[in-house]
Amino acid sequence: LWCGLSVEEPHLTRRQKRKKERTIKTMSAFFQRAYRGLFTHEDTFNVHKVLGGVCLVHFIYRFSLVGDRDMHFGPGWTTALWIGIHTLLSVSSLIFKIPQKRIVEGSRIWPEYRLHSIAFACRSLACM
């Protein structure tokens, strides 16, 4: 079963069919957890997610251009635009509510670390 649709596969044994069903359930649970983690009430207009996706694609694109041409960065307006988009991604993280104090476990970000992260990202982008 995948999304409620049954696909007949007579060549599979009963054991293979059960294994496939377990795999599909596991994948479905993974995507449900990922969806719940990505789509929160704090980012209602999906600004941070969209900026993150755009920046990730841009990052991959630029690294595909590594070589003699300096990844096509230059003094033009497009470079400034992309630097601005990457800066917006860092600044848009301020919409999320985080614990005021550092948690001993260490699995969550805290305000001081977030501000340091934004400052260092902006500093790196300013050097370009």
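Residues numbered from 1 in each chain as written. Predicted model: local features only at pLDDT ≥ 70, side-chain atom pairs only at ≥ 80, totals over all residues. Heavy atoms only, no water.

> Just checking my understanding: could you explain unusual backbone geometry for this structure?
Across residues other than glycine, the phi torsion is negative in most instances, and most of the peptide bonds are trans. Phi at Asn 46 takes a positive value of approximately 60 degrees, unusual for a residue other than glycine. Inspection of the secondary structure puts Asn 46 in the loop between helix H1 (14–38) and helix H2 (47–64). A relative accessible area of 25% means that Asn 46 is categorised as partly exposed. (Helix = DSSP H or I, 4+ residues; strand = E, 2+ residues; numbered from the N terminus. Buried < 20%, exposed > 50% of the residue type's maximum accessible area, 1.4 Å probe, protein only.)

> Got a minute to help me understand the pattern of salt bridges in this structure?
Any two side chains of opposite charge can pair, so long as their charged atoms come close to each other. Throughout the structure, instances matching the rule amount to one salt bridge. Its salt-bridge partner being Lys 49, residue Asp 43 comes within 3.1 Å of it at the nearest N-O pair. (Salt bridge = Lys/Arg side-chain N within 4 Å of Asp/Glu carboxyl O.)

> Sorry, what's going on with a nonpolar patch on the surface here?
A cluster of nonpolar side chains, namely Leu 56, Phe 59, Ile 60, Phe 63 and Val 66, defines an oily patch on the protein surface of about 530 Å² accessible area. Along the chain, Phe 59 turns up in helix H2. (Patch = residues over 30% accessible without salt bridge, like charges linked within 9 Å, V, L, I, M, F, W, Y side chains within 5 Å. Areas by Shrake-Rupley, 256 points an atom, 1.4 Å probe, with all protein chains shown as cover.)

> Could you clarify how one ought to interpret the packing of aromatic side chains in this entry?
To describe a pair of aromatic rings, one takes the distance between the centres and the angle between the planes. Evaluated as defined, the whole model comprises one aromatic pair. Considering the side-chain rings of Phe 59 and Phe 63, the 4.7 Å spacing of their centres and the 50 degrees angle between planes classify their relative orientation as tilted. Of this pair, Phe 59 and Phe 63 both sit in helix H2, four residues apart, roughly one helical turn. Judged by relative accessible area, Phe 59 falls into the partly exposed class, the value being 47%. One Lys or Arg, Arg 62, reaches over the ring of Phe 73 and ends 4.2 Å from the middle of that ring. (Phe/Tyr/Trp six-rings, centres within 6.5 Å; stacked < 30°, edge-to-face > 60°. Lys NZ or Arg CZ within 6 Å of the ring centre and 35° of its normal.)

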